[in-house]
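Structural description and commentary
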Amino acid sequence: MVEDLVRHCPTLAREAASGAVVYSHNHDLTFGHATWNTDLAIGLPPHGELIPPSAGEPMRMATPATTRIAIEAKSVMTEHRKNIKNRKRDLEAHHAHVHDYDAQAIAGGIVVLNAAAEFQSPLRPDVTLHKRPEALIAHCLSELSNVTMASGAHAAGLDAKCALVVDMDNIHLDSTTYSALGPDVGSPLHWDAFIQRICQLYTSRFAQRAS
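Described in the following lines is the structure provided in the data block.

What counts as what
- Residues numbered from 1 in each chain as written.
- Predicted model: local features only at pLDDT ≥ 70, side-chain atom pairs only at ≥ 80, totals over all residues.
- Heavy atoms only, no water.
- Helix = DSSP H or I, 4+ residues; strand = E, 2+ residues; numbered from the N terminus.
- Rg over C-alpha atoms; globule rule 2.2 N^0.38 Å.
- Buried < 20%, exposed > 50% of the residue type's maximum accessible area, 1.4 Å probe, protein only.
- Contact = heavy atoms within 4.5 Å.
- Areas by Shrake-Rupley, 256 points an atom, 1.4 Å probe, with all protein chains shown as cover.
- Lys, Arg positive; Asp, Glu negative; His and termini not counted.
- Charge placed at Lys NZ, Arg CZ, Asp CG, Glu CD.
- Pairing = 2+ DSSP bridges.
- Axes fitted to C-alpha atoms, helices over the stretch in contact; angles between N-to-C directions.
- Arc of directions from axis to C-beta.
- Core = buried A, V, L, I, M, F, W, Y, C linked by side-chain atoms within 4.5 Å.
- Patch = residues over 30% accessible without salt bridge, like charges linked within 9 Å, V, L, I, M, F, W, Y side chains within 5 Å.
- Salt bridge = Lys/Arg side-chain N within 4 Å of Asp/Glu carboxyl O.
- Phe/Tyr/Trp six-rings, centres within 6.5 Å; stacked < 30°, edge-to-face > 60°.
- Disulfide = S-S within 2.5 Å.

This part covers the overall build of the chain. Scanning the chain from terminus to terminus reveals five helices and nine strands. For 211 residues, the compact-globule formula gives about 17 Å, and the C-alpha radius of gyration of the chain, at 18 Å, lands near that figure. Along the longest, intermediate and shortest principal axes, the C-alpha atoms of the chain span 55 × 40 × 35 Å. Counting only residues that meet the buried cut, the chain has 48% of its 211 residues in that class. If you take every contact in the chain between residues at least 6 apart in sequence, the share linking residues at least 24 apart comes to 67%. Only carbon and sulfur atoms are counted for the fraction: they give 54% of the accessible area of the chain, which is about 10,600 Å². Each charge sign in the chain was given a centre, from 18 positive and 23 negative side chains, and these centres are 6 Å apart.

This is how it looks when you write it as structure tokens:
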């Protein structure tokens, strides 16, 4: 994701090249007495140190002093109808915490959905059969579409969200592929729209702060 943001977002590319932004995985975002561990955080460098990334790196990896982009990554591999409800609650809590931390911070959510007809859960001895996986994926995409989206700089909701649909049975791990059941190009849940949305918001909110 960091590579795609730097590749397709000129504002982030310039800031990453100069060391003006850094990224971290599993970053604790604290507001008041509440802490939320977010999967990816992009923000200002620690101690204000403008250290460019090493050769071949899209952005320097370091703990952000303040976070501007916070991404939550979730998955639904089996028991789709139950688990998508839990993932929706996770994403709603994520954007609420991020916007309590900074109303202009960008809260994004990614959900990986499994479209395989069968799945070997590490919690069960038997292989789970997914009847009509296309219907399960359609249901999950519909539920994800209903996650609250922010409509302004200070509105509640996710700022960007996407779904990645894979075919993974957890048996033949070398054959995992992206599924044709994923969102089409042009869908608000497509990866390209997700990256573009974050870029647009970042440029409008934070390039103005710097200017």
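Read on, since the account is not over.
An order of S3-S1-S2-S4-S5-S8-S9 is seen for the seven strands of this open sheet, with the pairing classed as mixed. Two strands close off the open sheet at either side, each with one partner strand: strand S3 (60-61) and strand S9 (177-178). Here five bridges tie strand S2 (residues 34-44) to strand S4 (residues 66-76), and the two strands are oriented antiparallel to one another. Bridged to Ala41 within S4 is Ala70. Strands strand S1 (22-31), S2, S4 and strand S5 (106-114) of the sheet are contacted by helix H3 (residues 80-101), whose axis makes an angle of about 175° with S4.

Within helix H2 (residues 10-18) the residues assigned to the buried category are Thr11, Leu12, Glu15 and Ala16. What you see down the axis of H2 is that its buried residues fit within an arc of 120°, all on one side. Along H2, exposed side chains directed more than 90 degrees from the buried face belong to Pro10 and Arg14.

Further remarks concern the nonpolar core. Ranked by size, the top nonpolar core spans 26 residues in total, and within it Ile42, Met59, Ile69, Phe194 and Ile198 carry the most contacts. Contributions of two or more residues to this core are made by helix H1 (2-8), H2, S2, S4, S5, strand S8 (160-167) and helix H5 (191-210). With eight residues, H5 is the single largest residue contributor to this core. One finds Ala70, Val98, Val147 and Leu189 within the second-largest nonpolar core, a separate group that totals 20 residues.

On the surface, a cluster of nonpolar side chains totalling about 260 Å² of accessible area is made up of Val127, Leu129 and Ile171. You can see Leu129 is positioned in strand S7 (residues 128-129).

Our focus in this paragraph is the packing of aromatic side chains. This model, assessed by the stated rule, comprises two aromatic pairs. Taken together, a centroid distance of 5.6 Å and an interplanar angle of 40° make the contact between Trp191 and Phe194 tilted. Taken together, the residues span about one helical turn, with Trp191 and Phe194 both in helix H5 at a distance of three residues. Side by side, Trp191 and Phe194 carry an identical accessibility label, which is buried. Aromatic pair Tyr202 and Phe206: ring centres 5.1 Å apart, planes at 40°, arrangement tilted. With Tyr202 and Phe206 both in helix H5 and four residues apart, this pair spans about one turn of that helix. Residue class for Phe206 comes out buried when judged on its relative accessible area of 0%.

The final tally for this structure, using the stated rule, is one disulfide. Cys9 shares a disulfide with Cys199; S-S distance 2.4 Å. Residues Cys9 and Cys199 share a disulfide whose torsion about the S-S bond is about 80°; that sign makes it right-handed. Taken as a pair, Cys9 in the loop between H1 and H2 and Cys199 in helix H5 lie far apart in primary sequence, 190 residues in all. Taken as a pair, Cys9 and Cys199 share a single burial class, namely buried.

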